[in-house]
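Structural features, examined
What follows is each chain in one-letter form.
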Amino acid sequence: MHYVVNCIDKVGLLPVRQANRAAHLDYVKANADTILVGGPYLDEAGNMIGSLLITEAVDLKTLQTVLAEDPYARAGLFESVDIKPWKWVIGAPG
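The following paragraphs examine the structure supplied in this document. (Residues numbered from 1 in each chain as written. Predicted model: local features only at pLDDT ≥ 70, side-chain atom pairs only at ≥ 80, totals over all residues. Heavy atoms only, no water.)

**A few points about the pairing of strand β2 (residues 35–42)**
Pairing analysis gives seven bridges linking β2 to strand β3 (residues 48–56), with the strands arranged antiparallel. Each residue of the ladder has a partner; that of I35, found in β3, is T55. Hairpin geometry of β2 and β3 is characterised by an intervening segment of five residues between the two adjacent antiparallel strands and by a positive phi of about 90 degrees at G46. (Pairing = 2+ DSSP bridges. Helix = DSSP H or I, 4+ residues; strand = E, 2+ residues; numbered from the N terminus.)

**Focus on the pattern of salt bridges**
Evaluated as defined, the whole model comprises three salt bridges. D9 serves as the salt-bridge partner of R17, at 2.7 Å between the closest nitrogen and oxygen. Exposure class is identical for R17 and D9. Each is buried. In this structure, R74 engages E69 in a salt bridge whose closest nitrogen and oxygen atoms are separated by 2.8 Å. (Salt bridge = Lys/Arg side-chain N within 4 Å of Asp/Glu carboxyl O. Buried < 20%, exposed > 50% of the residue type's maximum accessible area, 1.4 Å probe, protein only.)

**Thoughts on the packing of aromatic side chains**
Here the structure, examined in full by the defined rule, presents two aromatic pairs. The interplanar angle of 85 degrees and the centroid separation of 6.2 Å between the aromatic rings of Y72 and F78 together place this pair among those described as edge-to-face. Assessed through its relative accessible area of 1%, Y72 is described here as buried. By relative accessible area, F78 is classed as buried at 17%. (Phe/Tyr/Trp six-rings, centres within 6.5 Å; stacked < 30°, edge-to-face > 60°.)

**Regarding helix α2 (residues 60–68)**
Listed as buried for α2 are L63, V66 and L67. Buried residues along α2 cover an arc of 95 degrees about the axis, so they all sit on one side. On the buried face of α2, the contacting elements are β1 (2–9), α1 (14–30), β2, β3, α3 (71–74) and β4 (78–86). Between a side-chain oxygen at the N-terminus of α2 and the backbone nitrogen of K61 the separation is 3.3 Å; the capping residue is D59. (Arc of directions from axis to C-beta. Contact = heavy atoms within 4.5 Å. Polar contact = N/O pair within 3.5 Å; in protein donor to acceptor, adjacent residues only side chain to side chain.)

**A word on the sheet that holds β1**
With respect to topology, four strands assemble into an open sheet ordered β2-β3-β1-β4, the strand pairing being antiparallel. Two strands lie at the open edges of the sheet, namely β2 and β4, each paired on one side alone. Sheet twist, expressed as the average angle between the axes of neighbouring strands with direction ignored, equals 15 degrees. Taken together, the seven bridges between β1 and β3 define a ladder with antiparallel strand orientation. When the bridges of β3 are listed, V4 appears paired with I54. Together, β1, β2, β3 and β4 form the strand contacts of α1, whose direction differs from that of β3 by roughly 20 degrees. (Axes fitted to C-alpha atoms, helices over the stretch in contact; angles between N-to-C directions.)

**Observations concerning the side chain of R17**
Within the secondary structure, R17 sits in helix α1. Take R17: its relative accessible area is 1%, and that puts it in the buried class. Of the polar contacts made by the side chain of R17, one reaches the side chain of D9; its length is 2.7 Å. Filtering out sequence-adjacent residues up to four positions away, R17 remains in contact with D9, P40, M48, I49, G50, S51, Y72, L77 and F78.

Taken by themselves, the reported measurements are silent on function.
Dropping the structure here:
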């Protein structure tokens, strides 16, 4: 099943995001079978303030386990994480 994951950073934690970015990107690449598409939300100044992920997992619990080990999550970056089941229609991989 596919899921959309919306993560909103805690206010003032851009330095935490920046300090963990390389490890986060390595983690995402290592989990490319689960984290299919992703990128940061930006504020008006172009600073990263959150993340959007399109994921695929056998179930929600499995996805939550993968997300919990992400360096961003382990660093306490997120104010909120919202996960919704999602049906990929337009632009779905063949």
